[in-house]
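# Breakdown of the fold
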Amino acid sequence: GWSQAAFARVGGVGITAVVLGSPSEAQRDADLAALLRYGLRSYRMSKVVDPARTYATIPVGWGRPPVRAVAPRAIVRPASAQRPLVERVVLPAVATLPVAAGQRLGTLVVTDGSRVVARSPLVAAGSQSTPGRPAKAWWVARRTVHHLVEALP
């Protein structure tokens, strides 16, 4: 039979197709073209990591606002048009102060089934300083009053 392998690349997505043992050269060419079209329609270039997106907010304690965790740069990869990508964000439950802008806080892993599509660090979008003694004392006093009021019948 007629056999052939071909490779096609469109927009950063590359597909390899192989046809083995076709009854005719024309049938082989038609089957190979159909396989390449199907493969190229099945994948698209996708921004799998977006630096403009907040992937999580991490509390820092002491009444300070939480720190946003963002990716430092975009990552674009070919991804299946039929299957959703899964993002796994790995971060601590609480960030330890002080936190500097750009400080690494955790990791983002993007998967397509069992295949890792992208891995990116997650960094602090802004800074948070450690509060001084007066601010800590004020926070403890407010929390104590809050708990006492809640405990009243």
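To keep things clear, this report deals only with the structure shown in the data block. (Residues numbered from 1 in each chain as written. Predicted model: local features only at pLDDT ≥ 70, side-chain atom pairs only at ≥ 80, totals over all residues. Heavy atoms only, no water.)

### Looking at the overall build of the protein chain
Helices and strands together make up the secondary structure of the protein chain, namely two helices and nine strands. Reading the protein chain from its N terminus to its C terminus gives the helix and strand order β-β-α-β-β-β-β-β-β-β-α. For a compact globule of 153 residues, the expected C-alpha radius of gyration is about 15 Å, and the protein chain comes in at 26 Å, more than 25% above that figure. On the principal axes, the C-alpha backbone points of the protein chain span a range of 85 × 35 × 20 Å. A total accessible area of about 9600 Å² is found for the protein chain, and carbon and sulfur atoms account for 58% of it. Between the centroid of the 20 positive side chains of the protein chain and the centroid of its 7 negative side chains there is a distance of 16 Å. (Helix = DSSP H or I, 4+ residues; strand = E, 2+ residues; numbered from the N terminus. Rg over C-alpha atoms; globule rule 2.2 N^0.38 Å. Areas by Shrake-Rupley, 256 points an atom, 1.4 Å probe, with all protein chains shown as cover. Lys, Arg positive; Asp, Glu negative; His and termini not counted. Charge placed at Lys NZ, Arg CZ, Asp CG, Glu CD.)

### Some words on the packing of aromatic side chains
Under the counting rule described, the total for this entry stands at one aromatic pair. Where Trp62 meets Trp139, the ring centres are 5.1 Å apart and the plane angle is 65 degrees; that geometry is what we call edge-to-face. Residue Trp62 is located in the loop between β4 (54-58) and β5 (67-70), and its partner Trp139 is located in helix α2 (residues 133-151); the two are separated by 77 residues in the primary sequence. Owing to a relative accessible area of 35%, Trp62 belongs among the partly exposed residues under this scheme. (Phe/Tyr/Trp six-rings, centres within 6.5 Å; stacked < 30°, edge-to-face > 60°. Buried < 20%, exposed > 50% of the residue type's maximum accessible area, 1.4 Å probe, protein only.)

### Quick word on the pattern of salt bridges
If you walk through the whole model with that rule in mind, you get five salt bridges. A salt bridge links Glu87 to Arg53; the nearest nitrogen and oxygen atoms lie 2.8 Å apart. Pair noted here: Glu87 is in strand β7 (residues 86-90) and Arg53 is in the loop between β3 (43-49) and β4, with a separation of 34 residues, a long-range link. According to the relative accessible area criterion, Glu87 is partly exposed, its value standing at 34%. A relative accessible area of 35% places Arg53 in the partly exposed class. (Salt bridge = Lys/Arg side-chain N within 4 Å of Asp/Glu carboxyl O.)

### Considerations on the sheet that holds β7
Spatially, five strands are ordered β4-β5-β9-β8-β7 in an open sheet, and the strand pairing comes out antiparallel. Here the strands that pair on one side only, and so sit at the sheet edges, are β4 and β7. Direction aside, the axes of adjacent strands within the sheet are offset by 25 degrees on average. Direction of pairing for β4 relative to β5: antiparallel, over a ladder of four bridges. Its bridge partner being in β5, Thr54 is matched across the sheet by Val70. (Pairing = 2+ DSSP bridges. Axes fitted to C-alpha atoms, helices over the stretch in contact; angles between N-to-C directions.)

### Describing the side chain of Gln128
Mapped onto the elements, Gln128 comes out in the loop between β9 (115-124) and α2. Gln128 gets classed as buried once you look at its relative accessible area, which sits at 12%. For Gln128, the side chain forms a polar contact with the main-chain oxygen of Pro65, separated by 3.1 Å. If sequence neighbours within four positions are ignored, Gln128 has contacts with Val60, Arg64, Pro65, Val67, Leu97, Pro98 and Val99. (Polar contact = N/O pair within 3.5 Å; in protein donor to acceptor, adjacent residues only side chain to side chain. Contact = heavy atoms within 4.5 Å.)

### Brief notes about the side chain of Arg28
Assignment of secondary structure puts Arg28 in helix α1 (residues 25-42). In this structure Arg28 touches Trp2, Ser3, Gln4, Val19 and Ser22, once residues within four positions along its chain are discounted.

### Thoughts on α1
Its 18 residues give α1 an end-to-end C-alpha distance of 26 Å, which sits within 8% of 26 Å, the value for a rise of 1.5 Å per residue. Burial in α1 covers these residues: Arg28, Leu32, Leu36, Gly39 and Ser42. Here the buried residues of α1 occupy an arc of 130 degrees about the axis, which is enough to place them on one side. With respect to the buried face of α1, the exposed residues turned more than 90 degrees away are Ala26, Tyr38 and Arg41. Elements in contact with the buried residues of α1: β1 (2-10), β2 (13-22), β3 and β6 (75-80). (Expected span 1.5 Å × (residues − 1). Arc of directions from axis to C-beta.)

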